[in-house]
Every structure is written in C-alpha cells, then in structure tokens.
Amino acid sequence: MTLNADTDFWASANTHLTRYGPSFEPVIIERAAGSFVYDADGRAILDFTSGQMSAVLGHTHPDIVATVARQMGAVAHLFSGMLSRPVVTLAERLAALAPGLDRVQLLTTGAEANEAAIRMAKLVTGRHEIVAFAQSWHGMTGAAASATYSAGRRGYGPAAVGSFVIPAPNAYRPRFKTADGSNDWQTELDDAFVLIDSQSTGNLAAFIAEPILSSGGILELPLGYLAALKRKCEQRGMLLILDEAQTGIGRTGHMFAFERDGVVPDILTLSKTLGAGLPLAAVMTTQAIEQAAFERGFLFYTTHVSDPLPAAVGVTVLDVVERDGLVAQATARGDRLRQGLLSLQQRFECVGDVRGRGLLLGLEIVVDRQSKAPGFELGARIMEEAMRRGLSMNIVKLPSMGGVFRIAPPLTVSEAEIDRGLEIMSEAIQAAANGH
C-alpha cells in the first residue's frame, strides 16, 4: 500500500482546495533536494521542470537555506517605504549585469512585474495599446492576463482595451516560407505589423515578449527577430518589454537571453529564476524611462515591494551562479541534453521536433512527422509513464501544435542526472507508443 494514497489527505485536498488548473499529481511530496523531489514513499522523482520552472539552483540549495535562516533572523519584511541593504545590493548587482538598465524595482511574482512594466510603459508613452504574441504567457492578473494568449481567455469578460496580438515565429510550423521551405519570419513580422497598424488608434505603448515562449511550446525567437521587433517598436514610438521569467539568470547559456541578440529592451522583467523558487521578481529599465515615469507620478506600491528576505535570496542566487560557473554549465549540460533528445528523435517517429536553448528545451510529440498532427494523447501517456518511472516533465497542450514537453532541469543538474532523465524518457516513449 502506497503512502501516497493517504485517504485523509486526499479527502481534505478534494474538499478544501480550489482547482486552479491541471489536475494534481497523485503523489504527496514530502521533501526535495537537488534535482529530486521525494514522495510519501520516499521515492526519488527527478525534477525536469525545476519546480515551476524556477528552482535554477535545485531544491534546498545549502546557500539559499543559510541565507533564508540568516535573513529571517535579521529582518524579513518592512514598511514599503523603508530600505534595507539586501535590496540596494541586489539592485546594484542586477544593474551591473544589464548595462543600460540601471533602475530596478523588486517585487514578488512574474505577473506582478509585468503589471508594473506595462503600467510604466503606458504612463511614460501616454498611450494604452499593448501588443503580445498569440502563444504568450505573462501572468494571470489584469494587464498581464490581457497580454496572455496561450490560455485562460474565455469566460472572464473583456480584456484590457487596446490588447493586440501577433503570431509568434515557429520554425517547425512556419506560416510564411522562404524558397527553401524555411521560416520566413521577417515577412511574417512585416505582415503582422500591417495588421497591428490597421487596428491601432495611434496609441501603441509597448510590445511585451518572451525571448523563448515557454508555455507557448518552447518557441524560440530566431536570431535577428528581436532586433527587427525593436525596430518596429522604435518606428512607432513603442517600448519593448522583455519578459525573462524563465530565460533569465543563466538558463539559456547567457545571463539574459537577449544578450545573444545584442538587443537591450526598454524594460526587462525577471521573476521565477531570480528567486530560485522563492517569490522574487524585478523590473529593470533605463534612467531616462524611470525619470519620465517618476515625473509623471509612477505608482506601483505593493505589500512586498523591496522586501529584505527575497532580496537577500536574490543576491545569493547571483553569487552562486557566478561562483559555480552556472551560465557556462547551462550551455554544457544543455548540449548534452539536446544531443540526447535528438537521439530520441532519431529513434522514435513520434518525436517531431527538438528546440530551445541551454537548459530550456522542448520536445514536440506528433502523431506522425509528415502531417505533424498534434500528439496530445500520446504525449499525456508519455508523461504518465515517465512519472511512474521517476521523472517529472510538464507537457504543454495547445491548438495548432502537438504536445510539447518543457524540459528545464536545474542549472546544477549533473551529467548522470541528465543521462538518467533521458533513459527514463526513452522507456516512457517506448511504453506509451506500445500502449502499455
């Protein structure tokens, strides 16, 4: 009898918990360490989503545990108008990592950071229209939800006035093709902005984008796209907001994903990875934009703005990433993981595509490679078989694409853990494809 079948636990959970998304996993997690979480039976489950794509240092990292204990013993929370040393230190450290983005506001969640960024963009430009990608996820609150198109739009009434959308480039399923059949993203982008211009009332404030759309199915903006998008924004007096909730702090093999493209956004939001699993987010912008916002009376005053405890954790995260060379490690471990996934693609017909960067990779499951028909049901079976064998992976199910596994182990993952994860994936695909 498994301890995960605790009848009192599940009776209480099913009676008292609000069901806020996908169904809960049928396990009770008792503890976590490194790349693993452990269920009620003590079974180790390899965590290839870093919690909610956040725990870049793995679970219960000793440096994080020590920082939390130390800071809790000093000061954890303050009146929002008071400052502490960890807040100023983290702001200084982040500004040094992203030259030009010298002003920093520390908040809690990614949605909250995007709310602040959008609010700032509207105030500074004096406009209200916000453009995002059709496969985007920027949060579940207000303006962030209005700029989220991958899920959750039905049944909640009108979105914010001036919410516009364009398709994200998809090299595996291109909407526009060059003569050789590859993705013609420039023509797609030009076409999209013709439509935006025809809908706009002349009040375009900002474009908000993820460099790699994670919930959208690990859709990476191709090299050159960000620069072209920035030009589109500049031509219209729009600000470019980059949401690096999942791509920031080393995950893609750069400290920030935009560094590969040599394009600095007007506003950058960080969350998830910055707190390594604790609630910490940041909004970074230029001196000029911050000054303009200040002069116009920018107000984004929250209960946990500039809290010392999460700020101290953020400083420790940056310390560990630098000390242990985790940005370079994300590239090396990511290459190993990618090669393993490409090997699975060669072996299994249902693996349609492998994509992503560093330790944020996608594996798309299809019915067959010719039609690229979505493999929703097969993907769900693979996920179940993997969990049964001790591997947790998240699959995104969206219209117009197959089930896409989001694979994002901690930056601290070992080569042996990557190899074990790939071994379980192989077994799970084999079992699911054979129907047992």
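Report follows, based on the coordinates.

Conventions adopted
Residues numbered from 1 in each chain as written. Predicted model: local features only at pLDDT ≥ 70, side-chain atom pairs only at ≥ 80, totals over all residues. Heavy atoms only, no water. Helix = DSSP H or I, 4+ residues; strand = E, 2+ residues; numbered from the N terminus. Rg over C-alpha atoms; globule rule 2.2 N^0.38 Å. Buried < 20%, exposed > 50% of the residue type's maximum accessible area, 1.4 Å probe, protein only. Contact = heavy atoms within 4.5 Å. Lys, Arg positive; Asp, Glu negative; His and termini not counted. Charge placed at Lys NZ, Arg CZ, Asp CG, Glu CD. Patch = residues over 30% accessible without salt bridge, like charges linked within 9 Å, V, L, I, M, F, W, Y side chains within 5 Å. Areas by Shrake-Rupley, 256 points an atom, 1.4 Å probe, with all protein chains shown as cover. Salt bridge = Lys/Arg side-chain N within 4 Å of Asp/Glu carboxyl O. Pairing = 2+ DSSP bridges. Axes fitted to C-alpha atoms, helices over the stretch in contact; angles between N-to-C directions. Expected span 1.5 Å × (residues − 1). Polar contact = N/O pair within 3.5 Å; in protein donor to acceptor, adjacent residues only side chain to side chain. Phe/Tyr/Trp six-rings, centres within 6.5 Å; stacked < 30°, edge-to-face > 60°. Parallel < 35°, antiparallel > 145°, perpendicular 65-115°, else oblique. Left-handed = near helix turned anticlockwise from the far one by under 90°. Nonpolar A, V, L, I, M, F, W, Y, C, P; charged D, E, K, R; others polar.

The subject of this paragraph is the overall build of the chain. Helix and strand content of the chain: 13 helices and 17 strands. For 436 residues, the compact-globule estimate of 2.2 N^0.38 gives 22 Å, and the C-alpha radius of gyration of the chain, at 22 Å, lies within 12% of that figure. In terms of overall dimensions, the chain has C-alpha extents of about 65 × 65 × 45 Å along its principal axes. Taking all 436 residues of the chain together, 56% fall into the buried category. Considering only contacts in the chain between residues 6 or more positions apart, those separated by 24 or more positions represent 71%. Of the side-chain charges in the chain, 38 are positive and 46 negative, and the distance between the mean point of each set is 3 Å.

Turning our attention to a nonpolar patch on the surface. On the surface, F79, M82, L299 and Y301 cluster together into a nonpolar patch covering about 470 Å² of accessible area. Mapped onto the fold, F79 is located in the loop between α3 (62–72) and α4 (85–97). Relative accessible area serves as the criterion here: at 53%, F79 is assigned to the exposed category.

Now for the sheet that holds strand β17 (residues 403–407). Read across the open sheet, the four strands follow the order β13-β14-β17-β16; overall the sheet is antiparallel. On the outer flanks of this sheet lie β13 (351–357) and β16 (394–396), each paired with one strand and no other. Going across the sheet, the axis of each strand differs from the next one's by a mean of 25 degrees, ignoring polarity. Here helix α11 (residues 326–347) sits on the sheet and contacts β13, β14 (360–365) and β17; the angle it forms with β13, its principal contact strand, is near 170 degrees.

When the terminal C-alpha atoms of helix α5 (residues 110–125) are compared, their 22 Å separation across 16 residues agrees well with the 22 Å that a helix rising 1.5 Å per residue should span. With respect to burial, α5 is a largely interior element, 13 of its 16 residues being buried. One or two steps after α5, the chain reaches G126, where phi turns positive at roughly 70 degrees.

Here S50 is to be found in helix α2 (residues 50–53). A relative accessible area of 0% places S50 in the buried class. A distance of 3.1 Å separates polar atoms of two side chains, one belonging to S50 and the other to R251. Each residue touching S50, except ones within four places of it in the same chain, is listed here: A55, R251, A408, P409 and P410.

Glancing now at the packing of aromatic side chains. Under the defined criterion, the tally for this structure stands at eight aromatic pairs. Relative to W10, the ring of F9 lies with its centre 5.0 Å away and its plane at 85 degrees, an arrangement referred to as edge-to-face. Of the residues examined, F9 reaches a relative accessible area of 37% and is grouped as partly exposed. When the ring of F256 is compared with that of F258, the centres are 5.6 Å apart and the planes differ by 5 degrees; the resulting orientation is stacked. Here the two residues F256 and F258 agree in accessibility, since each one is buried.

Their axes nearest at 9 Å, the elements α3 and helix α10 (residues 308–323) cross at an angle of 150 degrees. By the angle between their axes, α3 is roughly antiparallel relative to α10. Between α3 and α10 lies a crossing of right-handed hand. Residue-level inspection shows D63, I64, T67, V68, Q71 and M72 of α3 in contact with α10, the latter providing P308, L309, A312, V313, T316, V317, V320 and R323. A breakdown of the residues in the contact of α3 with α10 according to their chemical character gives nine nonpolar, three polar and two charged.

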